[in-house]
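# Fold and geometry: a report
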Amino acid sequence: MKVYISADIEGVTGVTSWKETILGEEEHKKAAWQMTREVVSACEAALACGAEQIYVKDAHDSARNINGDELPDQVTLIRGWTCTPESMMAGIDESFDAVIFIGYHSGAGFDGNPLAHTMNGGNNFVKINERTAAEFDMNAYVAAHYGVPVVFISGDEQLCSHAKELVPEIETCGVKWGWGEATFNMNPDAACREIRAGAEKGLKKLQACRIQMPEQFELEINYKEFANDLRASYYPKAVRLDGHTVKYTAADIQEMMTARMFML
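Residues numbered from 1 in each chain as written. Predicted model: local features only at pLDDT ≥ 70, side-chain atom pairs only at ≥ 80, totals over all residues. Heavy atoms only, no water.

Okay, the layout of surface pockets next. Reported here for the largest pocket is a volume of approximately 390 Å³. Looking at the largest pocket, it is lined by 21 residues, and the ones nearest its centre are His 60, Asp 61, Trp 81, His 117 and Met 119. Grouping the amino acids of the lining of the largest pocket by side-chain chemistry returns eight nonpolar, eight polar and five charged. (1 Å grid on protein atoms, 1.4 Å probe; cavity = no way out; pocket = protein on both sides within 12 Å on 5 of 7 lines; lining within 4 Å. Points joined across faces, edges and corners; volume = space filled by probe spheres on them. Nonpolar A, V, L, I, M, F, W, Y, C, P; charged D, E, K, R; others polar.)

Between its first and last C-alpha atoms helix 4 (residues 188-203) spans 22 Å; for 16 residues at 1.5 Å apiece the expected length is 22 Å, and the two agree. Where helix 4 is concerned, the buried positions are Ala 190, Ala 191, Cys 192, Ile 195, Gly 198, Ala 199, Gly 202 and Leu 203. The inward-facing, buried residues of helix 4 abut strand 1 (2-7), helix 1 (28-48), strand 4 (98-104), strand 7 (150-156) and strand 8 (171-179). Between a side-chain oxygen at the N-terminus of helix 4 and the backbone nitrogen of Asp 189 the separation is 2.9 Å; the capping residue is Asn 187. (Helix = DSSP H or I, 4+ residues; strand = E, 2+ residues; numbered from the N terminus. Expected span 1.5 Å × (residues − 1). Buried < 20%, exposed > 50% of the residue type's maximum accessible area, 1.4 Å probe, protein only. Contact = heavy atoms within 4.5 Å. Polar contact = N/O pair within 3.5 Å; in protein donor to acceptor, adjacent residues only side chain to side chain.)

With mixed pairing, the seven strands of this open sheet are ordered in space as 3-2-1-4-7-8-9. At either margin of the open sheet sits one strand with a lone partner, and together these are strand 3 (75-78) and strand 9 (182-185). Taken over all neighbouring pairs, the strand axes of this sheet differ in orientation by 20 degrees on average, direction set aside. Pairing between strand 1 and strand 2 (residues 53-58): six bridges, direction parallel. Counterpart to Tyr 4 in the pairing with strand 2 is Tyr 55. Sheet strands touched by helix 3 (residues 157-166): strand 4, strand 7 and strand 8. Its angle to strand 7, the strand with the most contacts, is close to 155 degrees. Where helix 4 meets the sheet, it contacts strand 1, strand 4, strand 7 and strand 8, and its direction lies at approximately 140 degrees from that of strand 8. (Pairing = 2+ DSSP bridges. Axes fitted to C-alpha atoms, helices over the stretch in contact; angles between N-to-C directions.)

Turning our eyes to something else, we now look at the packing of aromatic side chains. What the rule picks out here adds up to ten aromatic pairs. For the ring pair Tyr 4 and Phe 96, a centre distance of 5.4 Å and an interplane angle of 85 degrees mean the geometry is edge-to-face. One end of the pair, Tyr 4, is in strand 1; the other, Phe 96, is in the loop between strand 3 and strand 4, and 92 residues separate them in sequence. The same class applies to Tyr 4 and to Phe 96, which are both buried. Here Tyr 235 and Tyr 248 contribute two aromatic rings whose centre-to-centre distance is 5.6 Å and whose plane-to-plane angle is 70 degrees, an arrangement assigned as edge-to-face. (Phe/Tyr/Trp six-rings, centres within 6.5 Å; stacked < 30°, edge-to-face > 60°.)

Turning next to the packing of helix 2 (residues 135-145) against helix 3. At their nearest, the axes of helix 2 and helix 3 sit 10 Å apart, and the two run at 35 degrees to each other. For helix 2 against helix 3, the interelement crossing comes out right-handed. Residue-level contacts link Phe 136, Asp 137, Ala 140 and Tyr 141 of helix 2 to Leu 159, His 162, Ala 163 and Leu 166 of helix 3. Grouping the amino acids of the contact of helix 2 with helix 3 by side-chain chemistry returns six nonpolar, one polar and one charged. (Left-handed = near helix turned anticlockwise from the far one by under 90°.)

The structure is reproduced here in structure tokens:
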């Protein structure tokens, strides 16, 4: 078995402030340590289910958050950014048997996490085929493009519920929930135990977690700033709906993710 893990930080238990998410800030050290621990728990689940190879994409901001010294020998850690359409899923291909998401968060327009956003803080919401989307949606579709099932996700509770709308059989672990600017967090050790248990369950039902791909991908972005809306409207085939909203229709997820590189 070969498993791909994409890890973010805003959905890690305890992480509440933007300062905790920025490399170089003193508060980031503890957040990155717990991010690493949660990733290790997912790796342990994969190994327990027979994984011989595990790829871990550090998919947050600098992409230099996870401590590779803590990861099992079977792990290939992807640090930094490839600057390719797959983005947070860089390195994924048809050779993988399953995808796991760790530390993911609610998207822009949701209220389940004070750090909710979609790719950056410059938009009010992002929709895919008229459904308000999180980074999870984009990355799950990227996995599905290569025929790889998405079997487990950890993060805030609202995102976990959102993920089940797209992948009903996915196993989830809500390690926190948000209220205003506060987060209510699971004990860090308990979160690691729950992540390992949930990931093992997910890895035992690969076929049930496959995603049906839509015929096309309609990407709609509502920008906070007028200038960003105007700039994005010049991307080929983009349609400007109003002073804050641009729509782009793609034939497949690869085309949509390429457009996202320049529009979002």
